Amino acid sequence: MGLHHLTLAYWCVLIAAALPYVCAWVAKAGAFGPRDNAAPREWAARQSGWRARAMAAQANSFEGLPLFIGAVVIAHQFGAAQGRLDALALSYVLLRVVYISLYLRGRSMLRSLVWALGLLACIAIFFVSP
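Quick caveat, the model's predicted, so the values are computed rather than measured.

K.L.:
Account for the packing of aromatic side chains, naming residues and giving values.
P.N.:
The description of an aromatic ring pair uses the distance of the two centres, along with the angle that the planes make with each other. According to the stated counting rule, one finds three aromatic pairs in the structure shown. For the pair Y21 and F62, a centre-to-centre distance of 5.4 Å together with 85° between the ring planes defines the contact as edge-to-face. Residue Y21 is located in helix 1 (residues 8-28), and its partner F62 is located in helix 3 (residues 49-77); the two are separated by 41 residues in the primary sequence. Of the residues examined, Y21 reaches a relative accessible area of 53% and is grouped as exposed. Residue F62 is classed as partly exposed on the basis of its relative accessible area, which comes to 35%. Consider the rings of F68 and Y92, whose centres lie 4.2 Å apart with planes at 15°: the pair is stacked. Taken as a pair, F68 in helix 3 and Y92 in helix 4 (residues 82-104) lie far apart in primary sequence, 24 residues in all. The pair F68 / Y92 is uniform in exposure class, with both members buried.

K.L.:
Got a sec to walk through the packing of helix 1 against helix 3? Specific residues and values, please.
P.N.:
Running from N to C, helix 1 and helix 3 cross one another at 170°; their axes reach a closest spacing of 8 Å. Considering their axes alone, helix 1 and helix 3 lie roughly antiparallel with respect to each other. Counted by class, the contact of helix 1 with helix 3 contains 22 nonpolar, three polar and two charged residues.

K.L.:
Which residues make up the nonpolar core, and what are the values?
P.N.:
Counting residues in each nonpolar core, the largest one holds 19 residues, and the members touching the most others are A16, F68, V72, A89, Y92, V93 and I125. Those elements that provide at least two residues to this core are helix 1, helix 3, helix 4 and helix 5 (108-125). When residues of this core are assigned to their parent elements, the largest contribution, five residues, is made by helix 3. Counting nine residues, the second largest nonpolar core, distinct from the first, contains A57, L95, I100 and V114.

K.L.:
Describe the packing of helix 1 against helix 4, with residues and values.
P.N.:
Relative to each other, helix 1 and helix 4 sit at 10°, their axes nearing to 8 Å. The angle between helix 1 and helix 4 places the two elements in the roughly parallel class. Contacts between helix 1 and helix 4 pair L8, A9, C12, I15, A16, L19, C23 and V26 from the former with Q82, L85, D86, A89, L90, Y92, V93, R96, V97, I100 and L104 from the latter. Class assignment of the residues belonging to the contact of helix 1 with helix 4 gives a composition of 16 nonpolar, one polar and two charged.

Rules of the game
- Residues numbered from 1 in each chain as written.
- Predicted model: local features only at pLDDT ≥ 70, side-chain atom pairs only at ≥ 80, totals over all residues.
- Heavy atoms only, no water.
- Phe/Tyr/Trp six-rings, centres within 6.5 Å; stacked < 30°, edge-to-face > 60°.
- Helix = DSSP H or I, 4+ residues; strand = E, 2+ residues; numbered from the N terminus.
- Buried < 20%, exposed > 50% of the residue type's maximum accessible area, 1.4 Å probe, protein only.
- Axes fitted to C-alpha atoms, helices over the stretch in contact; angles between N-to-C directions.
- Parallel < 35°, antiparallel > 145°, perpendicular 65-115°, else oblique.
- Nonpolar A, V, L, I, M, F, W, Y, C, P; charged D, E, K, R; others polar.
- Core = buried A, V, L, I, M, F, W, Y, C linked by side-chain atoms within 4.5 Å.
- Contact = heavy atoms within 4.5 Å.

Have a look at this one:
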């Protein structure tokens, strides 16, 4: 399977899978003090403010990933209309980026709305007809 076989929806899966790592990088970027790699979770547990929210966004991003991956793979297996599948997958990824941004800024009410829209986009992928 070469790169030319990857649909936009599959690229979206790859991007969505990278987002949790981006969140962790944001949390750790520019952090002062010891970051003992032998106990990284202890370091994360001591964080507050936007760093703690970045770590929480990382956890939430990992939690939502299986449903999204499953939806995209199942839709491909059932021959879903590629254009609609790609549009929904892209909307999911864009909503996740907005979600992470809102999480970092502490905008909890709007963040929850964007999370719900992302979930709906993910569920809609299951109903894309061929």
